Amino acid sequence: MHTIQIDEGWCKGCALCVIYCPTRALQVAARFSPRGVHPPELVRPERCNGCRLCELLCPDFAITVTEEGRVHA
Amino acid sequence: MATGLKIKTAAELRTNYLRREMFPTIFCDGCGLGNVLNYTLWAIDEVGLDLDRTVFVSGIGCSSRLPGYINADGLHATHGRALAFASGIRAANPDLTVIVFTGDGDGAGIGGNHLLHTIRRNMDVTVILVNNFTYGMTGGQSAPTTPDGGFSSTTPYGNIEHPLDICELAKALGAPYVARWPVVSPAQPVKSIAEGIRKRGFALIEMLTPCPTAYGRRNGLKEIEQIWRWYREHTVLLDEWEWVEQFGSPEEREALRGKLKIGVFQDTERETFEDRWAALVAREKL
Ligand SMILES: Cc1ncc(C[n+]2csc(CCOP(=O)(O)OP(=O)(O)O)c2C)c(N)n1
Ligand code: SF4
Ligand code: SF4
Ligand code: SF4
Ligand SMILES: [Mg+2]
């Protein structure tokens, strides 16, 4: 299982990660971040294959994909 | 992802290379300039560059803001003059790696003459030229690269000038490495920037970069998804382009009009300014 970490101080809510996620695992959140934008959220974690395209395409270094096992190990 | 690329995370890139206090960037939503920065950092990490021995140089423009985000020495020079400053650094201290960020206006408009002569001399610098078809920072005037018919604040009835093909120019001048990629897919730009840094002599990587604010807005490409899609739909790989030109049907050839060729256009060796300077010093016992 993978998880994504969003730095909400850096995310501009451009939604490029959501648009280009090949498995449509992400969605634009309804809530606002402290910067006043809608950040992405991993709504279908079971679909995320860890390809990390979202991370590579984010213009703002705001999204990091991690393997859950590693984070909690 | 290209084979052989080491996995890096955005979190690692941020910690290792960025001036975190400068973030978030000044760039608009949907601007591709952050991607140019991201891919450059991947390439730098790939090559294993020592940032303490690397200097980033730029002129003026949105694209020329890029060195300010990297935790290394940099020069934010005057408009159009990035290559003159870069040449000076290389000539004075050939041990330094010099990477230039410039725009289509900065590098090919006002700085076009420096581009010619820096390539002609074959200075050993890597130039990442961001082509967004416009002068973004000053609100969207036409640039030498504005497409045929493109709307800008100075071409309200559509551009009537023939756009400059920067890569063709660099090729003709004998630049050892010339490539063009859109920012919309990461792997090829990362590989090309790394190749450009490793190349002895002048390397030009032209990055086709969406500017929804100053260019897109006037050309029916205001929405982020739409302008990013435009770059996927209007770029054709060199091999495919040549195949269509040679064997394609008239309709297929017609479909190339208004599109941009992408790929590595030149990858050769040529004596550099430094090589010739060292030979001169030895010959004349200077
Ligand atoms: C000598 C001089 N002339 C004009 C300007 C105004 N100016 C600032 S940025 C710019 C255009 C930059 O265009 P480009 O290099 O394409 O950068 P972009 O903002 O599109 O990334 C101009 C004309 C200036 N700063 N200095
Ligand atoms: S691509 Fe980056 S900045 Fe844009 S919404 Fe996703 S995480 Fe935020
Ligand atoms: S890692 Fe790949 S599959 Fe997972 S959210 Fe990012 S783009 Fe989608
Ligand atoms: S004006 Fe254009 S080039 Fe400048 S930051 Fe905005 S989108 Fe990017
Ligand atoms: Mg420009």
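Residues numbered from 1 in each chain as written. Chains lettered and ligands numbered in written order. Predicted model: local features only at pLDDT ≥ 70, side-chain atom pairs only at ≥ 80, totals over all residues. Heavy atoms only, no water.

A. Representation of the overall build of chain B within the structure. Looking only at helices and strands, one finds eleven helices and ten strands in chain B. Relative to the globule expectation of 19 Å for 286 residues, the C-alpha radius of gyration of chain B, 19 Å, shows essentially globular dimensions. With the principal axes as the frame, chain B shows a C-alpha extent of 60 × 45 × 40 Å. A buried classification covers 52% of the 286 residues belonging to chain B. A separation threshold of at least 6 residues defines the contact pool for chain B, and within that pool the share at least 24 residues apart is 72%. Element-wise, carbon and sulfur atoms account for 52% of the exposed surface of chain B, whose accessible area totals about 12,800 Å². In chain B, the 30 positive side-chain charges and the 34 negative ones have mean positions that sit 3 Å from each other. (Helix = DSSP H or I, 4+ residues; strand = E, 2+ residues; numbered from the N terminus. Rg over C-alpha atoms; globule rule 2.2 N^0.38 Å. Buried < 20%, exposed > 50% of the residue type's maximum accessible area, 1.4 Å probe, protein only. Contact = heavy atoms within 4.5 Å. Areas by Shrake-Rupley, 256 points an atom, 1.4 Å probe, with all protein chains shown as cover. Lys, Arg positive; Asp, Glu negative; His and termini not counted. Charge placed at Lys NZ, Arg CZ, Asp CG, Glu CD.)

B. The arrangement of the site of ligand 2 in detail. All names here are of chain A. Cys-11, Lys-12, Gly-13, Cys-14, Ala-15, Cys-17, Pro-40, Cys-58, Pro-59 and Ile-63 make up every residue found near ligand 2. Given that more than half its atoms are within 2 Å of the pocket grid, ligand 2 belongs to the largest cavity. Looking at the shell around ligand 2, its residues break down into eight nonpolar, one polar and one charged. (Near = heavy atom within 4 Å. 1 Å grid on protein atoms, 1.4 Å probe; cavity = no way out; pocket = protein on both sides within 12 Å on 5 of 7 lines; lining within 4 Å. Sits in = over half its atoms within 2 Å of the grid points. Nonpolar A, V, L, I, M, F, W, Y, C, P; charged D, E, K, R; others polar.)

C. Geometry of the coordination of the magnesium ion (ligand 5). All names here are of chain B. Donor atoms from the polypeptide that coordinate the magnesium ion (ligand 5) comprise Asp-104 (OD), Asn-132 (OD1) and Thr-134 (O), at 2.0 to 2.1 Å from the metal. We note that the donor set of the magnesium ion (ligand 5) lies within a single chain, spaced as D-x27-N-x1-T. Under the relative-accessibility criterion, Thr-134 is labelled buried at 2%. (Donors = N, O, S within 2.8 Å, 3.2 Å for Na, K, Ca; no water.)

D. Up close: the layout of surface pockets. Residues and elements named next belong to chain B. Here the largest pocket is characterised by a volume of approximately 720 Å³. The wall of the largest pocket is formed by 27 residues, among which Pro-147, Pro-163, Gly-258, Lys-259 and Leu-260 lie closest to the centre. Those elements that place two or more of their residues in the lining of the largest pocket are α8 (224–233) and β10 (260–267). For the lining of the largest pocket, the leading source of residues is α8, giving three residues. Taken together, the residues that form the lining of the largest pocket break down as 13 nonpolar, seven polar and seven charged. (Points joined across faces, edges and corners; volume = space filled by probe spheres on them.)

E. Geometry of the site of ligand 3. All names here are of chain A. Cys-21, Pro-22, Thr-23, Leu-26, Cys-48, Asn-49, Gly-50, Cys-51, Arg-52, Leu-53, Cys-54 and Val-65 make up every residue found near ligand 3. Assessed atom by atom at 2 Å from the grid points, ligand 3 resides in the second largest cavity. A per-class count over the shell around ligand 3 returns eight nonpolar, three polar and one charged.

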